[in-house]
Each structure stands twice: as C-alpha cells, then as structure tokens.
Amino acid sequence: MPAAERYVATRAVAASAPDIFAVLANPSRHQDTEPTDWVRDAVTTDPITGTGQIFVMNMYLDHIGGHYVMHNLVTVFDQDRSIAWLPGTVDADGRHSALGWWWRYDLAPNATGTDVTLTYDWSATPQAVRDQLGGLPPFGSEFIDQSLASLARSVGDTTA
C-alpha cells in the first residue's frame, strides 16, 4: 500500500495506558482526541467494551455540507492496548457499511507513561466516496500529531 494512503504517528504520553484507553473507549470523550471542532458530541454515550459494537458521533465539516452523523464499527478492542474502528453508515436494518477508512490507536507502556501510535488509513475508500467528499484525506498529516497532543492533554499530560 502506498504511504500516501496512510498517516501514522507516535507520541510519548505521560499517562498510563489504562487512563488513555479509558478516553479512547468512551465516545463522550472523543471530542477531546482531536484538535478542531470536527468531532462534536457522542450520540452513543456508553463506553466501548468490545469488537462489533457501533458507536455514533455527531460530526461537522463545512466542505461536505456541515453536520453529519458517523456510525463507527469497532474492529479491534484489546483492553488498554489497542482500539480501532471503521466509520460508516447504518441502514434501516442496522447493517453497517464502511466508507473505506479506519482509525486505530496502539498503546505501549514506556518508562514515563505510554507510547501512543495513531494510524489513519484511507486506502480502501472507493473513488466514488473520495469524489463525494472532495478527496481524502480531509486534513494534512500534521492533524495526526495534533490529535495525539489533544489526547495527551485530555489525560493530564502537561507537556502536550
């Protein structure tokens, strides 16, 4: 897969893996994990507890028409270590249709806290979806670093 289809960044965060994972597994805290007001609030407020769950978020981007709702299917859930999801839509029968991109966080304890690796991958996004959204990704690679800094601040890391 071409590198241009994926952003990956790692940041040392001065917090424990359980404290960081608690934010990532709580949809109500997802607005604390990114540097803009793109993620608005959680429709689903119960914490994520395993794969197969769908959590719903209110989102906002001007260039795609403003407010929209994203249904995220949890594909990886390894308590205090890894969590990932596929954004998409849900039909009237409750079936999730992925849009082709995914988010993943991997946590690894270090001497002063936790190394957090954030991956955003859009390689499986169909061209029609890319065209509808005005191209992917909707942000530059610096957004991933800024997101990790936001996450660090949300768990009390004063170096962020």
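Please refer to the structure higher up on the page.
Residues numbered from 1 in each chain as written. Predicted model: local features only at pLDDT ≥ 70, side-chain atom pairs only at ≥ 80, totals over all residues. Heavy atoms only, no water.

Novice: So what about the overall build of the chain? Which residues, and what values?
Specialist: Of regular secondary structure, the chain possesses three helices and eight strands. Taken from the N to the C terminus, the helices and strands of the chain come in the order β-α-β-β-β-β-β-β-β-α-α. Of all 160 residues assigned to the chain, the portion counted as buried reaches 46%. Summarising the internal contacts of the chain: among those between residues at least 6 apart in sequence, 49% fall at separations of at least 24. A total accessible area of about 7,800 Å² is found for the chain, and carbon and sulfur atoms account for 50% of it. Distance between charge centres in the chain, computed from 9 positive and 19 negative side chains, equals 3 Å. (Helix = DSSP H or I, 4+ residues; strand = E, 2+ residues; numbered from the N terminus. Buried < 20%, exposed > 50% of the residue type's maximum accessible area, 1.4 Å probe, protein only. Contact = heavy atoms within 4.5 Å. Areas by Shrake-Rupley, 256 points an atom, 1.4 Å probe, with all protein chains shown as cover. Lys, Arg positive; Asp, Glu negative; His and termini not counted. Charge placed at Lys NZ, Arg CZ, Asp CG, Glu CD.)

Novice: Describe in detail the pattern of salt bridges, supporting the description with residues and values.
Specialist: Taken as a whole, this structure holds eight salt bridges when the rule is applied. Note that Arg130 and Glu5 form a salt bridge whose closest N and O atoms lie 2.7 Å from each other. Pair noted here: Arg130 is in helix α2 (residues 127-133) and Glu5 is in the segment before β1 (6-13), with a separation of 125 residues, a long-range link. The burial state of Arg130 is the same as that of Glu5; both residues are buried. Asp106 is paired through a salt bridge with Arg104; the nearest N and O atoms lie 2.9 Å apart. A cluster of three or more residues bridged by salt bridges with shared partners is formed by Asp91, Asp93 and Arg95. (Salt bridge = Lys/Arg side-chain N within 4 Å of Asp/Glu carboxyl O.)

Novice: Report on the packing of aromatic side chains, specifying residues and quantitative values.
Specialist: Evaluated as defined, the whole model comprises 10 aromatic pairs. Between the aromatic rings of Phe55 and Trp85, the centroid separation amounts to 5.3 Å while the plane-to-plane angle is 80°, which identifies the pairing as edge-to-face. One end of the pair, Phe55, is in strand β3 (residues 54-61); the other, Trp85, is in strand β5 (residues 82-90), and 30 residues separate them in sequence. Between Trp103 and Tyr120 the ring centres are 4.4 Å apart and the planes differ by 45°, which places this aromatic pair in the tilted class. With Trp103 in strand β7 (residues 102-110) and Tyr120 in strand β8 (residues 113-121), the pair connects residues that are 17 residues apart, well separated along the chain. By way of ring pairs, the aromatic residues Tyr7, Trp103, Tyr120, Trp122, Phe139 and Phe143 are connected into one cluster. (Phe/Tyr/Trp six-rings, centres within 6.5 Å; stacked < 30°, edge-to-face > 60°.)

Novice: Please provide a residue-by-residue account of the environment of Leu61, values included.
Specialist: The residue Leu61 is located in strand β3 in this model. Separated by 77 residues in the primary sequence, Leu61 and Pro138 have C-alpha atoms spaced 9.2 Å apart. The residues touching Leu61, leaving out its near neighbours within four places in the chain, are Trp38, Gly66, Tyr68 and Pro138.

Novice: Before we move on, could you go through helix α1 (residues 17-24) and cite the residues and values that matter?
Specialist: Residue pairs spaced three or four apart in an α-helix point in one direction, given the helix's 3.6 residues per turn. Buried residues of α1: Ala17, Ile20, Phe21, Val23 and Leu24, and no others. For α1, the buried positions fall inside an angular range of 155° around the axis, keeping them on one side. Buried residues along α1 sit in contact with β1, β4 (66-78), β5, β7, β8 and α3 (142-154). (Arc of directions from axis to C-beta.)

Novice: Which residues make up unusual backbone geometry, and what are the values?
Specialist: We note that Asp80 has phi near 65°; this positive angle belongs to a residue other than glycine. Overall, the relative accessible area of 23% leaves Asp80 in the partly exposed class.

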